[in-house]
Amino acid sequence: MTYPSIDAIEEIFHLYDPPLWLVTARAGERRGSLIATSVVRASIVAERPRMLIAIARQHHTWGLIESSGRFALHLLPADDLEAVWRFGLATGHRTDKFAGLAIRETPDGQPLYPGAASWMDCRVEWGMDTGDRSVYLAEIVGGGLMLETPVLTVAALLREAPPDRKAELDRLYARDREIDAAAILAWRRERPPR
Ligand SMILES: Cc1cc2nc3c(=O)[nH]c(=O)nc-3n(C[C@H](O)[C@H](O)[C@H](O)COP(=O)(O)O)c2cc1C
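Below is a summary of the structure that appears in this document. (Residues numbered from 1 in each chain as written. Predicted model: local features only at pLDDT ≥ 70, side-chain atom pairs only at ≥ 80, totals over all residues.)

1. Description of the overall build of the protein chain
- When helices and strands are tallied, the protein chain shows five helices and nine strands.
- Ordered by position from N to C terminus, the α and β elements of the protein chain give α-β-β-β-β-α-β-α-β-β-β-β-α-α.
- For 194 residues, the compact-globule estimate of 2.2 N^0.38 gives 16 Å, and the protein chain sits close to it at 17 Å.
- Per-residue burial for the protein chain yields a buried fraction of 26% across its 194 residues. (Helix = DSSP H or I, 4+ residues; strand = E, 2+ residues; numbered from the N terminus. Rg over C-alpha atoms; globule rule 2.2 N^0.38 Å. Buried ≥ 20, exposed ≤ 12 C-beta atoms within 10 Å, placed from the backbone.)

This is the structure in structure tokens:
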């Protein structure tokens with residue numbers, strides 16, 4: 001199946017500007033982290049706050065969340081592009097992304113990034129395998145503000161990224177898109193048509 005309106009769909013995605021979230025997770029001694037835009041508030045009930053996130057199953061951080069059922073979400077100051085290069089380009093499958101950082105712990109035991117504007121502790125209530133990703137519904141069990149500042153968004157990232165970093169982002173995006181496309185097709189093949 002082809003999508004003749006694929007350019008329009010891409011344009012629609014550029015009509016809004018999502019924040020970049022730093023997701024950290026720990027399972028036993030193993031720690032990990034990644035940058036994510038697929039993160040949204042999922043409840044309006046102040047006493048029952050919840051988030052929805054979608055994490056690609058190929059990522060190191062995914063395995064940690066699967067094992068522990070917990071993660072922390074951070075918003076980043078608008079000028080902290082270094083965090084994107086550190087947490088969003090490398091993979092914890094091969095490197096320790098926290099090396100050289102004075103990482104603290106959230107009350108729920110997740111890695112706390114000291115440069116963040118805010119943090120929230122989350123516990124998974126439900127997970128759904130969508131082929132390329134796992135979508136998690138999570139209860140927020142704690143949180144704190146660390147810095148009053150505008151937060152980093154996709155538009156700011158694309159505006160401020162130097163050419164070599166932009167090229168690296170594009171390269172990784174293209175690679176992940178291929179892996180994800182195959183996983184979505186495999187997932188659809190295994191499911192009866194609706
Ligand atoms: C701007 C941006 C947005 C991203 N959004 C997501 C996302 O929503 N979900 C996801 O699984 N990965 C997302 N990624 C990709 C991961 O952050 C990246 O592949 C990371 O290196 C994975 O690390 P890990 O293998 O150590 O877990 C995003 C990356 C960038 C740069």
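2. Overview of the environment of Trp85
- Residue placement: Trp85 occurs in helix 3 (residues 81–88).
- Considered as a pair, Trp85 and Phe71 are 14 residues apart in the sequence and their alpha carbons are 20 Å apart.

3. Section: the site of the ligand
- Residues in close proximity to the ligand total 23 residues, the closest being Ser38, His59, Thr61, Thr91 and Gly92.
- The class makeup of the residues in the shell around the ligand is 13 nonpolar, ten polar and no charged. (Near = placed C-beta within 6 Å. Nonpolar A, V, L, I, M, F, W, Y, C, P; charged D, E, K, R; others polar.)

4. Topic: the environment of Leu169
- Within the fold, Leu169 resides in helix 5 (residues 163–189).
- Given 17 C-beta atoms within a 10 Å radius, Leu169 is considered partly exposed.
- Each C-alpha atom of the pair Leu169 and Val84 lies 9.8 Å from the other, and the pair is 85 residues apart in sequence.

5. A few points about the pairing of strand 1 (residues 21–27)
- Extensive coverage of strand 1 is indicated by the burial of six of its seven residues.
- Two strands pair when backbone bridges link them, and strand 1 and strand 2 (residues 30–36) are joined in this way by seven bridges, in the antiparallel orientation. Across the sheet, residue Ala25 finds its bridge partner in strand 2, namely Gly32.
- Counting the residues that bridge the hairpin from strand 1 to strand 2 gives two residues, and of these Gly28 lies at a positive phi of roughly 65 degrees.
- Bridge analysis of strand 1 against strand 5 (residues 70–75) gives four bridges, and the strand direction is antiparallel. What sits directly across from Trp21, in strand 5, is Leu75. (Pairing = 2+ DSSP bridges.)

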